[in-house]
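# Understanding the architecture of this molecule
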Amino acid sequence: MSIIKAGVIGYPVSHSLSPKLHGYWLKHYQIAGTYEPIEIAPDELQSRIHQLIAQGYAGFNVTLPHKEAMLSLVDDISDIASRIGAINTVKILPDGTLYGTNSDAYGFMQHLKQSVGDLSLYKDKAVVLGAGGAARAICAALQDEGWKQIFLINRTKDKAEQIAQDLGAPIIVVDWAVRDEALQGAGLLVNTTSLGMQGKEPLSISLQQLPLSALVYDIVYRPLMTELLKQAQLRGNTIITGLGMLLHQAVMGFEMWFGTTPTPDKALEQWMITQAL
Ligand code: ATR
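The following refers to the structure shown. Source: prediction; values computed, not measured.

For the largest pocket, the calculated volume is near 1600 Å³. Taken together, 48 residues make up the lining of the largest pocket; nearest its centre are Leu64, Ala134, Thr192, Met197 and Ile219. Put simply, the parts of the chain that give the lining of the largest pocket at least two residues each are strand S3 (59-62), helix H5 (133-144) and helix H9 (243-258). Element by element, the count of residues in the lining of the largest pocket is highest for H9, at 3 residues. Considered class by class, the residues forming the lining of the largest pocket number 20 nonpolar, 19 polar and 9 charged. Forming the walls of the second largest pocket are His111, Gln114, Ser115, Leu224, Ile239, Ile240, Thr241, Lys266, Glu269, Gln270 and Ile273. At the level of secondary structure, the elements contributing two or more residues to the lining of the second largest pocket comprise helix H4 (104-116), strand S12 (238-240) and helix H10 (266-276). Taken together, the residues of the lining of the second largest pocket break down into 4 nonpolar, 5 polar and 2 charged.

Encoded structure:
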């Protein structure tokens, strides 16, 4: 039986945790496959992808800075990837054509559901901090799951306005300066900014007006317990750490390339913590 080849393309790519994650599942499910980090400079993207097709790859994940550039290189794209405006998972079909999708919205929502079960209690209002690629995916996920209001707050307001324009209702853009007040009545707070990450400034926010029943989700996973999460936990909010989104977003690609649906369970999360964080 031939070995199924997949990988992650990026520049740089050595920081990616995806090879460890897919390597764990390949071993666990005893699949004859490989998943390698593949460094590709932006000006070589198209030619290197043709090489991967010629080498018989089943597909690949896409990380920075290629997620948007991939949009013009695929032959077919999923609705969710075109709404988000970025591709993070590609399948190479037997005829050599490319199908691109984005599993970040799915990964976020699956992790949220796995963490809390019934989400109906939290669906009146969400507050999303940040307006990068992750915020776009999370807003789309909240929209699809029927959140009634999504308050989107970013230092650079134009970027939030752009997301609101692209994705539509129920996204409401609010000034970064009034983020503390915007927490009033929220059922969910999500940090998608890089604030709080190792080596970056902490996220400066007062949770005083956030209901104690609200969920607090930080997509930053280095460190796993950010200052935001510590603060939230201390006052009694349910907290959700960021590594789970990474694990859940990987399911879609693994399933497409290797034909088995992997389970991102707590044991894997614990293993990832010991391996990579
Ligand atoms: P990704 O695509 O992974 O979401 P990104 O595009 O680099 O990452 O986005 C990082 C987010 O962190 C942005 O929303 C950024 O705000 P700006 O759009 O104003 O740059 C936010 N961010 C980074 N440093 C910040 C800071 N010091 N204060 C407030 N927001 C910050």
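This part is about the pattern of salt bridges. Close approach of charged atoms allows side chains of opposite charge to pair. Under the definition given, this model contains 9 salt bridges. A salt bridge links Arg83 to Asp144; the nearest nitrogen and oxygen atoms lie 3.0 Å apart. Residue Arg83 is found in helix H3 (residues 79-84), and its partner Asp144 is found in helix H5; the two are separated by 61 residues along the sequence. When the shortest N-O distance is used, the salt bridge between Lys157 and Asp175 registers 3.1 Å.

On to helix H1 (residues 18-28), then. Buried residues of H1: Ser18, Pro19, Leu21, His22, Trp25 and Leu26, and no others. End-on, the buried residues of H1 take up no more than an arc of 165 degrees, which puts them together on one face. Away from its buried face by more than 90 degrees, H1 exposes Lys27 and His28.

All right, on to the packing of H4 against H5 then. It is the contact of H4 with H5, at a shortest axis distance of 8 Å, that shows an interaxial angle of 60 degrees. With respect to their mutual orientation, H4 and H5 come out oblique. The element H4 and its partner H5 pack so that their crossing is right-handed. Residues Asp104, Ala105, Phe108 and Met109 of H4 lie in contact with H5, whose contacting residues are Ala137, Ile138, Ala141 and Leu142. In terms of residue class, the contact of H4 with H5 is built from 7 nonpolar, no polar and 1 charged.

A few words on the nonpolar core. Judged by nonpolar contacts, the single largest core of 34 residues is most densely connected at Phe108, Leu112, Leu142, Trp147, Leu188 and Tyr217. Elements represented by at least two residues in this core include exactly H3, H4, strand S7 (125-129), H5, strand S8 (149-154), helix H6 (157-167), strand S10 (188-191) and strand S11 (215-218). At 7 residues, the largest contribution of residues to this core is made by H5. Excluding anything up to four places from it in sequence, Leu112 contacts Gly117, Leu119, Trp147, Leu188, Leu215, Tyr217 and Ile240.

Turning our attention to the packing of H4 against H9. Direction vectors running N to C along H4 and H9 enclose 120 degrees, while the axes themselves pass 7 Å from each other. As judged from the angle between their axes, H4 and H9 are oblique. Here H4 and H9 pass one another in a crossing that is right-handed. Together, Asp104, Tyr106, Gly107, Phe108, Gln110, His111 and Gln114 of H4 and Gly244, Met245, His248, Gln249, Val251 and Met252 of H9 make up the contact between the two elements. Tallied by class, residues from the contact of H4 with H9 come to 5 nonpolar, 7 polar and 1 charged.

As a further point, take the sheet that holds S10. As a general point, the strands of a sheet are linked pairwise by backbone hydrogen bonds and lie either parallel or antiparallel. One open sheet holds the 6 strands; their spatial order is S9-S8-S7-S10-S11-S12, and the pairing between them is parallel. Each edge of the open sheet is held by one strand with a lone partner, namely strand S9 (171-175) and S12. Adjacent strand axes in the sheet meet at a mean angle of 20 degrees when their direction is disregarded. Pairing between S11 and S12: 3 bridges, direction parallel. Note on S12: the bridge partner recorded for Leu215 is Thr238. On top of the sheet, H4 reaches S10, S11 and S12; it is set at about 135 degrees to S11, its chief contact. Docked against the sheet, H5 engages S7, S8, S9 and S10, running at close to 170 degrees with respect to S7.

Cut-off values and rules
Residues numbered from 1 in each chain as written. Predicted model: local features only at pLDDT ≥ 70, side-chain atom pairs only at ≥ 80, totals over all residues. Heavy atoms only, no water. 1 Å grid on protein atoms, 1.4 Å probe; cavity = no way out; pocket = protein on both sides within 12 Å on 5 of 7 lines; lining within 4 Å. Points joined across faces, edges and corners; volume = space filled by probe spheres on them. Helix = DSSP H or I, 4+ residues; strand = E, 2+ residues; numbered from the N terminus. Nonpolar A, V, L, I, M, F, W, Y, C, P; charged D, E, K, R; others polar. Salt bridge = Lys/Arg side-chain N within 4 Å of Asp/Glu carboxyl O. Buried < 20%, exposed > 50% of the residue type's maximum accessible area, 1.4 Å probe, protein only. Arc of directions from axis to C-beta. Axes fitted to C-alpha atoms, helices over the stretch in contact; angles between N-to-C directions. Parallel < 35°, antiparallel > 145°, perpendicular 65-115°, else oblique. Left-handed = near helix turned anticlockwise from the far one by under 90°. Contact = heavy atoms within 4.5 Å. Core = buried A, V, L, I, M, F, W, Y, C linked by side-chain atoms within 4.5 Å. Pairing = 2+ DSSP bridges.

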